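Observations on the three-dimensional arrangement
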Amino acid sequence: MSDPTNERKIEHIRAIERDPLTDRDGRWFDRILLTNRALPELALDDIDPSVEFLGKRLSFPLLISSMTGGDHELVRTINTNLAKAAEQCGVAMAVGSQRVMFTHPAAEASFALREHAPTTVLIGNVGGVQLNYGFDLDKCRRAVEVLGADALYFHLNPLQEAVQPEGDTDFRGVADKIGAIRRELDVPVLLKEVGAGLSAADIALGLEQGVTHFDLAGTGGTSWSRIEHHRRHDDSDIGVRFQDWGLPTPVALKQAEPFLDRATLIASGGLRDGIDMAKSVILGASLCGMAAPLLQPAMESAEAVVAVIERLRREFITAMFLLGTPDVSALFRNTALIVEER
């Protein structure tokens, strides 16, 4: 018997392949102009881009953002190649929604990635709204167990659910339920949007529940609203109408700045290169997530993913060098490096 949740995973990938405009290519970070140090008083080879996240050392602050999972050979290939590359390059990886494991048990294999990434940071992923639709602590624990996860995302996607033909749209009391899970789970809980941005009010609610890590996931990159538009079988264009709804990632970072004494931020949504990563760290991000630039390489091989990650690493190090910052701590929240915002 076919499983709609499992089939949806492949439909999402095919929509991305067919429609290049699902990547909104907002280029919001291009509006931020950084200084240039002609006398950086540093050697390029001495730059240290490494960071610590969730108690583990990463080679530089890159997170392979959530993409997919399910019972399909293409999905297993993507996740395996991403995990192998994450381990080889010393970067973090988050998986796509693990809800499919509980409607289609064969999908577990696509999330059993710890054997491919024995030491690096792996983050599980379940939908926050699913706590109103039968998802419970035992399922959260199982999601963590299958992945061997260091932490668990609760992704928050009201726009996607509102546009999705079969969306779950009852978000009442979700914050309290996330807090209850957080108090019982053995790994940290992180809150994550999926491309419309976490607002200051969302972060405040999360902090009230004891959550301290937030993936802002703003607009400018992949639009799940537009992706879901391709799955509708009616004349509605609501997915296109809302394809750019939300907070651009740099705006979300600035709104979150007052919480940085209590919160750890991940910048994702529309980052394209190591320069965008450097700008994100300057604005307060401890980690920078990317998905779209890695999807096609992940369909090919782990080596193709490694090549993209190494390019991003070199770009990030070069930006640090040109800013005269020897390590990430010299970059983090150093807004004096911003010349102007256009």
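In what follows, the accompanying structure is described. (Residues numbered from 1 in each chain as written. Predicted model: local features only at pLDDT ≥ 70, side-chain atom pairs only at ≥ 80, totals over all residues. Heavy atoms only, no water.)

Overview of the overall build of the protein
- A tally of regular secondary structure across the protein gives 14 helices and 12 strands.
- Against the 2.2 N^0.38 benchmark of 20 Å for 342 residues, the protein shows a C-alpha radius of gyration of 19 Å, consistent with a compact globule.
- Seen along its three principal axes, the alpha-carbon backbone of the protein occupies a region of about 65 × 40 × 40 Å.
- Considering the protein as a whole, with its 342 residues, one finds that 56% of them fall into the buried category.
- Across the protein, the fraction of contacts at a sequence separation of at least 24, relative to all contacts at a separation of at least 6, is 77%.
- Accessible surface, the protein as shown: approximately 14100 Å² in total, 50% of it carbon and sulfur. (Helix = DSSP H or I, 4+ residues; strand = E, 2+ residues; numbered from the N terminus. Rg over C-alpha atoms; globule rule 2.2 N^0.38 Å. Buried < 20%, exposed > 50% of the residue type's maximum accessible area, 1.4 Å probe, protein only. Contact = heavy atoms within 4.5 Å. Areas by Shrake-Rupley, 256 points an atom, 1.4 Å probe, with all protein chains shown as cover.)

Observations concerning the packing of aromatic side chains
- A full pass over the atoms with the stated rule returns 3 aromatic pairs.
- Considering the side-chain rings of phenylalanine 60 and phenylalanine 316, the 6.2 Å spacing of their centres and the 45 degrees angle between planes classify their relative orientation as tilted. Residue phenylalanine 60 is located in the loop between strand E3 (56-58) and strand E4 (62-64), and its partner phenylalanine 316 is located in helix H13 (residues 302-323); the two are separated by 256 residues in the primary sequence.
- On the accessibility criterion, phenylalanine 60 (0% relative accessible area) is buried.
- Judged by centre distance (5.2 Å) and plane angle (90 degrees), the rings of phenylalanine 102 and phenylalanine 135 are edge-to-face. Of the two residues, phenylalanine 102 sits in helix H3 (residues 100-103) while phenylalanine 135 sits in the loop between strand E6 (122-127) and helix H4 (137-147), which places them 33 residues apart along the sequence.
- Overall, the relative accessible area of 28% leaves phenylalanine 102 in the partly exposed class. (Phe/Tyr/Trp six-rings, centres within 6.5 Å; stacked < 30°, edge-to-face > 60°.)

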